[in-house]
Amino acid sequence: AYTVTYGEEETSDRYSFIKYAGWQKVNGLVLPKTLQWYNVEEGKPTTMRNEMNFEKVTATETVLEDAVFEAPENAVIAE
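Here the structure is a predicted model, which is why all the values come from computation and not from measurement. (Residues numbered from 1 in each chain as written. Predicted model: local features only at pLDDT ≥ 70, side-chain atom pairs only at ≥ 80, totals over all residues. Heavy atoms only, no water.)

Okay, the overall build of the protein chain next. The helix and strand tally for the protein chain stands at zero helices and five strands. If you list the helices and strands of the protein chain from N to C, you get β-β-β-β-β. Seen along its three principal axes, the alpha-carbon backbone of the protein chain occupies a region of about 45 × 35 × 15 Å. Per-residue burial over the protein chain gives 14% buried out of 79 residues. Restricting to contacts in the protein chain with at least 6 residues of sequence separation, those with at least 24 account for 16%. Surface summary for the protein chain: the accessible area is close to 7,400 Å², and the carbon and sulfur share equals 49%. Here the protein chain holds 7 positive side-chain charges and 14 negative ones, and the gap between their average locations is 17 Å. (Helix = DSSP H or I, 4+ residues; strand = E, 2+ residues; numbered from the N terminus. Buried < 20%, exposed > 50% of the residue type's maximum accessible area, 1.4 Å probe, protein only. Contact = heavy atoms within 4.5 Å. Areas by Shrake-Rupley, 256 points an atom, 1.4 Å probe, with all protein chains shown as cover. Lys, Arg positive; Asp, Glu negative; His and termini not counted. Charge placed at Lys NZ, Arg CZ, Asp CG, Glu CD.)

Here the focus is the sheet that holds strand β4 (residues 34–41). Judged by pairing direction, the sheet is antiparallel, and its three strands sit side by side in the order β1-β4-β5 without closing on themselves. Strand pairing shows two members of the sheet lacking a second neighbour, β1 (17–21) and β5 (44–53), which therefore form its edges. Across this sheet, the average inter-strand angle for adjacent strands is 30°, counted without regard to direction. When β1 meets β4, the two strands line up antiparallel, connected through five bridges. Its bridge partner being in β4, Ile18 is matched across the sheet by Trp37. (Pairing = 2+ DSSP bridges. Axes fitted to C-alpha atoms, helices over the stretch in contact; angles between N-to-C directions.)

Across seven bridges, β4 lies against β5 in antiparallel orientation. Across the sheet, Leu35 pairs through a bridge with Met52, a residue of β5. A loop of two residues connects β4 with β5, the two strands running antiparallel in sequence, and Glu42 in this loop sits at a positive phi of about 55°.

Listed below in structure tokens is the structure:
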């Protein structure tokens, strides 16, 4: 379960539920085959409302250079 407050300082009691299912091994990693989102009633998950399947999953051992993760020169960073 998770909740989102979009940066607000107050907390939320509205939860969403995702189930990670059908685990698979990909190049030494264990990853889900499926994500399932659920409808919520009285704060509890009920019926599945949406599903996404991961197909043709790959993972490489390539180490990316730090520069790949640097913000572009004209980036605006919100804090």
